[in-house]
Amino acid sequence: SVAMRATAKDSLSDTLSTIVVLASTLIGTYAELAIDGWCGILVSIFIFISGVTALKETIGPLLGQPPEPEFIEEIQAVVNSHPEVLGIHDLIVHNYGPGRQMISLHAEVSADSDLSLIHDTIDNIERELIEKTGAHAVIHMDPIVTNNELLNQLKADIRAYAKSLGDTLSIHDFRMVDGPTHTNIIFDGLVPFRFSMTDEELRRNFAEYVHSIDERYFAVIEIDKDYNNLA
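The model shown is predicted, which means the values in this text are computed figures rather than measured ones.

### Focus: the pairing of strand β6 (residues 217-225)
Part 1: As paired elements, strand β5 (residues 183-191) and β6 share 9 bridges and run parallel to each other. The residue of β6 that forms the bridge with Ile186 is Val220.
Part 2: In this region the chain leaves β5, passes through helix α6 (residues 199-213) and returns to the parallel neighbour β6; the handedness of that crossover is right-handed.

### Things to note about the packing of aromatic side chains
Part 1: In this structure the tally under the stated criterion is 4 aromatic pairs.
Part 2: Both rings, one in Tyr161 and one in Tyr209, keep their centres 4.2 Å apart while their planes meet at 0°; by these two values the pair is stacked. Within this pair, whereas Tyr161 is found in helix α5 (residues 149-165), its partner Tyr209 is found in helix α6, the two being separated by 48 residues in sequence.
Part 3: Residue class for Tyr161 comes out buried when judged on its relative accessible area of 18%.
Part 4: Look at Phe174 and Phe187: their rings are 5.7 Å apart centre to centre, the planes differ by 15°, and that puts the pair in the stacked class. With Phe174 in strand β4 (residues 170-178) and Phe187 in strand β5, this residue pair connects regions lying 13 residues apart in the sequence.
Part 5: A relative accessible area of 0% means that Phe187 is categorised as buried.
Part 6: Feature note: the residues Tyr161, Phe174, Phe187, Phe206 and Tyr209 constitute an aromatic cluster, connected by ring pairs.

### Topic: the sheet that holds strand β3 (residues 136-144)
Part 1: Here we have 3 strands laid out as an open sheet, ordered β1-β2-β3, and mixed in their pairing. The two strands at the open ends of the sheet, each matched to only one other strand, are β1 (87-95) and β3. Direction aside, neighbouring strands of the sheet carry axes that sit 15° apart on average.
Part 2: In the sheet, strand β2 (residues 101-110) pairs with β3 via 9 bridges, with the strands oriented parallel. Its bridge partner being in β3, Ser110 is matched across the sheet by Ile144.
Part 3: Along the sheet face, helix α4 (residues 115-133) touches β2 and β3 and points at about 150° away from the line of β3.

### Describing the pattern of salt bridges
Part 1: A complete count under the given rule lists 3 salt bridges for this structure.
Part 2: The partner of Lys132 in a salt bridge is Glu128, with the nearest N and O atoms 2.9 Å apart. Of this pair, Lys132 and Glu128 are both found in helix α4, 4 residues apart, which corresponds to roughly one turn of the helix.
Part 3: Glu200 is paired through a salt bridge with Arg203; the nearest N and O atoms lie 3.0 Å apart. You can see Glu200 and its partner Arg203 sitting in helix α6, 3 residues apart, about one turn around the helix.

### Considering unusual backbone geometry
Part 1: Not every positive phi belongs to a glycine, and Asp90 is a case in point at roughly 50°.
Part 2: In this structure, Asp90 sits in strand β1.
Part 3: Of note, Asp173 is a non-glycine position whose phi angle comes to about 50°, a positive value.
Part 4: For Asp173, the position within the fold is in strand β4.

### Considering helix α3 (residues 69-80)
Part 1: Here α3 contains 12 residues, and its C-alpha end-to-end distance of 16 Å stays within 8% of the 16 Å for a straight helix at 1.5 Å per residue.
Part 2: Here α3 has its buried residues at Phe71, Ile72, Ile75, Val78 and Val79. Looking straight down α3, one finds its buried side chains confined to an arc of 130°; they lie on one side. Along α3, exposed side chains directed more than 90 degrees from the buried face belong to Glu70 and Glu73.
Part 3: If you follow the buried residues of α3, they end up packed against β1, β2 and α4.

Conventions adopted
Residues numbered from 1 in each chain as written. Predicted model: local features only at pLDDT ≥ 70, side-chain atom pairs only at ≥ 80, totals over all residues. Heavy atoms only, no water. Pairing = 2+ DSSP bridges. Helix = DSSP H or I, 4+ residues; strand = E, 2+ residues; numbered from the N terminus. Right-handed = clockwise from strand over helix to strand, strands pointing away. Phe/Tyr/Trp six-rings, centres within 6.5 Å; stacked < 30°, edge-to-face > 60°. Buried < 20%, exposed > 50% of the residue type's maximum accessible area, 1.4 Å probe, protein only. Axes fitted to C-alpha atoms, helices over the stretch in contact; angles between N-to-C directions. Contact = heavy atoms within 4.5 Å. Salt bridge = Lys/Arg side-chain N within 4 Å of Asp/Glu carboxyl O. Expected span 1.5 Å × (residues − 1). Arc of directions from axis to C-beta.

The structure is reproduced here in structure tokens:
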């Protein structure tokens, strides 16, 4: 508990202050050394550092901070343990304090799956997440085409290109819309907050690469930020 740690630091500051006052009094009385001013400065520095530390621990969850990597891995392990789920993205952990966490994510499932069976699977995953992590979960189903060889090859090529731009880049919600004069290649790019390229630079690079595969291809890209990687 952040509140209990802050209270402990406050008690420690009081204890330290009392000890320093007593030590300064004894040294000043018997050794005739006036060190109370210097000791006061040291105690003030200690209290200041403790206050800043407590403030950072308190203000972080209020302003928003990424969850622990182990917690993200636990969520991914639970969801990916179900063979009906082909992948997950847009995973966000909402932290409202101890025992008050919410999980939201998108789960990719085959577009050819039975809707009722997939809905039942998603319900089971949500209950399993509550049991294993203590956090309530809301899962959005994303149907994806899995039996189109051209689409699968395009996705693999663009995913490899994304990795060439940066190991932390990934794509999802990949689909293709054919038209009489051109074909739109639509996908989302997942990008860390402090990535070396701007969103516009990424869109331009992706668009140029997609167009280089086939002149009829035009990229329609949405840039998402990775809320679990704020570094």
